[in-house]
Each structure stands twice: as structure tokens, then as C-alpha cells.
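A closer look at the structure
If you want the building blocks of each chain, they are given just below.
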Protein chains: 2
Amino acid sequence: MSFMLLPLEDGIAGVKGFYCGGVKAGLKKDGYDLGFIYSDTPFEVVALFTQNRFQAAPIKHFQRHQITHSNFLLVNSKNANAMTAEAGIKDIEDILSSLPFEVKNPFMSSTGVIGERLPKEKIIPALKKIKLKSKDEEKFALSILTTDTFPKKIAFEVKLEDGRSFNIAGVAKGAGMINPSLATMLAFITTDAAVPRSDMEEGLKKFVDRTFNAISVDGDTSTNDSVFLLTNRKSKVYDKEAFEFALLKVMHYLALLIVKDGEGATKLVGFEVSGAKDENEAKRAAKALTNSLLVKTALFGEDPNWGRIASTIGASGVEAYEERLRIAFEDVVLFDRGKILSQNEEDARKIMQREEFTIYCDLGVGKGRFKAYGCDLGYEYVKINAEYRS
Amino acid sequence: MSFMLLPLEDGIAGVKGFYCGGVKAGLKKDGYDLGFIYSDTPFEVVALFTQNRFQAAPIKHFQRHQITHSNFLLVNSKNANAMTAEAGIKDIEDILSSLPFEVKNPFMSSTGVIGERLPKEKIIPALKKIKLKSKDEEKFALSILTTDTFPKKIAFEVKLEDGRSFNIAGVAKGAGMINPSLATMLAFITTDAAVPRSDMEEGLKKFVDRTFNAISVDGDTSTNDSVFLLTNRKSKVYDKEAFEFALLKVMHYLALLIVKDGEGATKLVGFEVSGAKDENEAKRAAKALTNSLLVKTALFGEDPNWGRIASTIGASGVEAYEERLRIAFEDVVLFDRGKILSQNEEDARKIMQREEFTIYCDLGVGKGRFKAYGCDLGYEYVKINAEYRS
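Keep in mind that what you see is a predicted model, and the values were worked out from it rather than measured.

Some details on the environment of Lys283(B)
- Structurally, Lys283(B) can be placed in helix 7 (residues 279-291).
- Put simply, Lys283(B) and Ser342(B) are 59 residues apart on the chain and 28 Å apart in space, counted from C-alpha to C-alpha.

The following block contains the structure:
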């Protein structure tokens, strides 16, 4: 079946039956810090969580209640409600039992500083300001931001060739503490597709490795990383191929926006490793490149220092040989199976001045291939993380 | 047997029969860049090399010739002779066959930029300036420096209770590209102890994990990391216990000096993880802490953000539980088995203003213990690595 993706207005609230918005609870000095997503009929929810051993209280709360169906979720920024043990879970229960409206299996998601109790004395009074039937994606997106510099969102109407359609949309946050080897950051994807639970689980798991798990800002994995996929199935329409295509698109786009907004980042750089022994080795090398401080600072300095790239691949422990390795910045080859092509460095330097480009590393060993996305590391990263507690 | 360590003059050249020095070959704009160590009787050599897959040409050369005995080694800075394939090994052979004096099995060691051919047209003419019988450790130490800001050296006379003694000394370089999980940087240790080869190998291997492999500046592992232990056995004296004690002392001291000189670092921080399931897990958590950008920037900002420490331990994948974890900055506890002690943050902040301190993390799971050493990451690190090709 063929299908088309069309733009969708109102984002996650443009999906049938979904509403969202944000209010100011006073966690941020000024600005939206408490967001919500509501559906007028229950949605089914599938979530993937961080692999950090210290999962934050909202994740533990969600798992303890084995939530599969709900119609309301609350998100706060500025405070991660992490390392708060049982008290953190109790805080969530106190907040959710104070909701001034009737909802089903409400749950929370949090982002911000680790190791401080949730200021429920600020959150509970603010719950009254929530207007369940808002369609205000902008305020929701703002509510979940911490050091992010822009909201991250995307929305499609997926039109099948027989004229029927369903909608899918996503909003995400994340700018620091993004690690490629584990889960992700906060991402909320709503859809009205009549997708069965098994396909929701399959799609999320299948695509997370190529999207949220393929990006790195600083190699740190948060206690709170979560991806939620919610469907109320209101469109009654479903086509697996079209759904998977659109879901991957949403996840990929949100993931790239997160790297692009990497703390202090000025460049979005793809690292495509091919010719590795297998996909796992390709992934290991590609992720090592996104995490190497020496590579990241060379990107910031726009120095085509391919030697640091080679060294990082070598240090990652994957099977590799100087006589087989090939490194190119876009189509400019700098090292070709044992030969140093320094005459091409000036061309590579020009490519590095771009905001987005790809570095190709072919190991010449096998057929493994993986593309990871990273960013440069500059003074701003140090400033953001040394001077502010985020 | 009891023994004493006494200070030794002339460092590695204070060891009987050893000589060293440095000359200017023009690799650096101005400054010593070509150093040597010579012994007037052959020395036995044991070396440990980087686990980077792309070992530099001097390492391949050393291994190809299966060097166990020699009396001369040449070291250059500014150029790593790495990723130079067969041509890099040929360059070494050309240089060593141009030595204007008779030596036995000479070998090289290099540090500097990866991916450029060694400028032998500069090095070969400079060989004439070498005075084999120099005792100039300062010039040798300067010759091997790249972004280091000070030479790193230590020397002892080891006096046994029966009055006999032997000498041991070490010189090292390393300031960036120091990774804890693999080998090290350049370190040269000379001794005149009558230590058998098996004990040399055993000692180096046993202590490298607790010293050079326990430090991290930026988590990158160079293509050139090497530790050499040379003995000419001139003292004819040996006592295993005393030798091991002194060797560990030399390695530990040099390793700490390297972290202290970490590019742009202002603090030397120990991360002592105890109560881990086993020593491996303790090591994994401790090393993760030394490599976390969020931890390193918090150290630079003197922010007692223990939440980032907890999160990094959690992300390292070791067995850990909120209810058992304890985090202290020196004797100031900030998190005690599920309890947040924010009232102690001001005290912790004062400790962080010190140049050296230890962060203790007890996991409360088992008996595994490991101490790793790291440094903070500030603007200078970015400046050094973005603006200069080192």
C-alpha cells in the first residue's frame, strides 16, 4: 500500500481526541514548567525507559502500577525526582491524587536536577490552572524544556491510498545528558492509529536503536530518559507499513533535533561506520566517535584532524587495520587504506564549516554498518554545565 | 626485610650506568624535541603498550624486532608516527641506521600528532648533536613533552637494611588522550636492580592497573601509550619486596602527576568506590566517574552536584541501589542510603575548592573496591584541543 505524509496542525494535540497544554507552577523562575497530555477516551501506552540503574521515581511509579491504559499524563521540568527513593514515589501519588478532575491511571514524567525532592507544595496548587481541553502544544513543549534552547516537535497526517488516514505526532526534550548506548531523553508520541499493542512495542523497540539510541551529546545517561507512545485509536485506521514509516520518521526527526540542540553545540555531525565485522562493531565504533572528547573538540575547532578519528576507532576495540581503513569527510578522503592524503585537508576544513555533515569511516573488514549522530563540544558546554545546576 | 627510599639525584640518569639527554631537532618551533636514554652496558627491557588497535609505528617496530635487550632508545615529541603504516616503520629504520655511534638494538618511542609522516629530514641531522654520556634528565624530560605544562619525574635510592642499595627512577609525559580503561602514555623507568625478567613483567603488569590505568583526563586512548622498564642490573642488588614497593611508588607518582597536568585541569580528584559487587564493578564505576563530562564540569564549577555522581554510577551498569548508596566528599556525606543531606552542601562546596580531594562512593553491595583518579574539565581543555593540533 502506498501512503503520503501530510503536515498536521496542533502537533500532538492535532491527533484526534488528544489535548495538551502547560502551566506555570513556579519551578522555573518564570516560564511554563508543568505540562500535560489528555485524551477524551483512554489511550493505550507503551514506554521505553532509561537503562540507568537509578531509575527516577516517575519511572518506578509507572512500572509499579503496571500502567498500560490511561488518559492523562503530567510532566514537570526543573526537578528530575530522581534519587528520591520511596519518598519520591509518594510525592507523585500525593500530586496525582490532588488532580482537580476525574482521570484514569494518571502518571508522571520529570526532568531536571537529580537529588532534590519534588516541590509538591508548588505543583499541587498549580494543578487547578490546567484546562483539560486545551490544544496548546507550544505550552506543553515549553513546559518540558530545561537547558533546551528550542522546543522539539513534529506531526503528520498519514494518508493511505484509499483516502483513509490517521495522525501521529511527537514532542521531545533533551539537550544534555544524552547517551547513545542506552535509552534516551523525554519523548511523547501520540497517535490515533488503530495500532495493536504488539505493533506499538515492536515499532518502538525496533526504531529506538537507530534514532534516540544513535545520538550523543555528552555520553551521559540520565536517570529519567523515557519514550512514550500513546494511542487512543480514534481514527480506527491502521496500516502497519505506513505506521512504521511514520513512527520512524517522528523518532528520527526528534532525535536529530535533540543533538542539534546539544548543549553549546554548533554542528550536527553524522558518523557513518561501514565495513565493520558486524553491526555491533559498527555501532560501537560510531558511538565511540560521537563520545570522544578529542573528536568533539576538533569538530568545534573545525580541524580535520582525522588522526583523532582513527585513534578513537582503534581505541573502541573493534576489528580494524590501518591498511584497510578509509576516512572521508563527506566526499573528501583524508586517509585511504594506509595512505595519508594531507593534500585534501583544506577541502575537509571547508566541509567542517557546515552546520551539518557526515564523516564516513569504512573499516574494510566486513558488512556491518551503523550511523550515529553527535555534535561538537565547545566553551558553551562547559559554561552550561559548570555554572548552572541543570 | 625492611628498606628505605632515599632521594636520588639526576633522576633516570642517576641510576648506575644510565645516561640521558635531549636535543633540538626542529620539530617544535623552539625547544627540546628529541630525547634519548643510553646505558653503558646493555639493559633488559620490558614494555607495556596501548590497547588501541592502531598501534603506532614505534610500537610495531619494537614488537617486530622482539627487542628484549638494548642500550639505546630515542624519543621524539610533536609527531606520533601513528597511522603511517609500513612507511612509518621504514622511517624508524632509516633514522636508527643513521645513528652516528655504535649501539645495540636501538628503538624509538614517539608522541604527538597522529597521521603525519615523521620528518626524518629534521631528525637525522640532529642525531649528531646527541652526547651519549650526558646526565641531563631535564632535557630528556622536556624533549618528550607535548601539551604537558611540566616535566614528570621521580627517583629513589632503595636502601636495604644490610646497607646494600639499588636505584630506580622514572620520567613520564602525558596530559591529554589519557584513558583509564586501557594502557597509558609514555613512561620510562630505569633501574640498576638485579631484577629478573619475570619479576619485571610481573611488577609492571600488576601495578599498571592501579596506577597508569586508574587515571583519566579525557577518556581517549592514544595510539602510542607505552611504559618501559629498563634494567642494566649494575647494582647487582635485588630484593623483591623492596623493588616492588619502589616500582609501585614510581608508577603511582608519575600517574598522579599526569592527571594533575591534565589539559586545562585545575583539580586532582580521587574517586574511591567501595562496597561494589566485585573489584571489576568498582573499577567500572570509578572509571565512569573520571570520564563523565557532567561530573568533570561540575568539579570545574565547584558544584557539589552529587546527583550527577549517582547518575553516572547508575549509568555505568554496576549493581547498585538507592537505598544502599552513600556518597561523600571527603568526610562530608551528601547522600546516605536513600537520604538526601542537602544541609551539607555548603561544606562539600568548600572541599571542592581544594586542589586535591577524594569523593567516596560506597555501593553497599559487596566488597569490591577501586580508586581512580581524574580531573575537572574547563574552558582550557576545549581551548587546547579545539585551537591547536596536538
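Back to the write-up after that little detour.
Focus on the domain arrangement of chain A
- If you check the domain split of chain A, you get domain 1 (3-260) and domain 2 (268-387).
- Each of domain 1 of chain A and domain 2 of chain A was reduced to a C-alpha centroid, and the two centroids are 32 Å apart.

Digging into helix 9 (residues 306-315) of chain A
All names here are of chain A.
- By the criterion of burial, helix 9 is predominantly enclosed, with ten of the ten residues buried.
- Among all positions in helix 9, only Trp306, Gly307, Arg308, Ile309, Ala310, Ser311, Thr312, Ile313, Gly314 and Ala315 are buried.
- The inward-facing, buried residues of helix 9 contact helix 7 (279-291), helix 8 (293-300), strand 11 (326-329), strand 12 (332-336) and strand 14 (356-362).
- Looking one or two residues beyond helix 9, the residue adopting positive phi is glycine 317, at roughly 85°.

Remarks on the confidence of the model for chain A
All names here are of chain A.
- For chain A, per-residue confidence averages 89 on the pLDDT scale, and 93% of positions sit at 70 or higher.
- Under a pLDDT of 50 for its full length, residues 177-184 has, in the predicted model, 39 contacts with residues more than four places off or in other chains.
- Listed scores for the predicted complex are pTM 0.79 and ipTM 0.75.

Observations regarding the sheet that holds strand 10 (residues 268-276) of chain B
Residue and element names in this part refer to chain B.
- Pairing is mixed in the open sheet, where six strands are placed in the order 13-12-11-14-10-15. With one partner strand each, in any of the chains shown, strand 13 (339-340) and strand 15 (368-375) form the two edges of the open sheet.
- With four bridges joining them, strand 11 (residues 326-329) and strand 12 (residues 332-336) adopt antiparallel strand pairing. Note that in strand 12 the partner of isoleucine 327 across the bridge is phenylalanine 335.

A closer look at the sheet that holds strand 15 (residues 368-375) of chain A
All names here are of chain A.
- With respect to topology, six strands assemble into an open sheet ordered 13-12-11-14-10-15, the strand pairing being mixed. With one partner strand each, in any of the chains shown, strand 13 (339-340) and strand 15 form the two edges of the open sheet.
- The strands touched by helix 7 are strand 10 (268-276), strand 14 and strand 15; relative to strand 15, the strand with the most contacts, the crossing angle is about 15°.

Focus: the pairing of strand 3 (residues 34-49) of chain B
All names here are of chain B.
- Bridge analysis of strand 2 (residues 18-23) against strand 3 gives six bridges, and the strand direction is antiparallel. Paired with glycine 21 across the bridge in strand 3 is phenylalanine 36.
- Where strand 3 lies against strand 4 (residues 69-76), seven bridges are found, and the strand directions are antiparallel. Opposite tyrosine 38, over in strand 4, you have phenylalanine 72 as the bridge partner.
- Alignment of strand 3 against strand 9 (residues 226-231), held across six bridges, turns out to be antiparallel. Bridge pairing in strand 9 places glutamate 44 opposite threonine 231.

Structural notes on the environment of Tyr19(B)
Residues and elements named next belong to chain B.
- Note that tyrosine 19 resides in strand 2.
- With 24 C-beta atoms counted inside 10 Å, the residue tyrosine 19 sits in the buried group.
- Residues tyrosine 19 and aspartate 136 lie 117 residues apart in sequence; the distance between their C-alpha atoms is 7.5 Å.
- Once you skip the residues sitting within four places of it in the chain, tyrosine 19 turns out to touch Ala13, Tyr38, Leu132, Lys133, Ser134 and Lys135.

Cut-offs applied
Residues numbered from 1 in each chain as written. Chains lettered and ligands numbered in written order. Predicted model: local features only at pLDDT ≥ 70, side-chain atom pairs only at ≥ 80, totals over all residues. Helix = DSSP H or I, 4+ residues; strand = E, 2+ residues; numbered from the N terminus. Domains from an automatic or database assignment. Buried ≥ 20, exposed ≤ 12 C-beta atoms within 10 Å, placed from the backbone. Contact = placed C-beta atoms within 7 Å. pLDDT = per-residue confidence, 0-100. Pairing = 2+ DSSP bridges. Axes fitted to C-alpha atoms, helices over the stretch in contact; angles between N-to-C directions.

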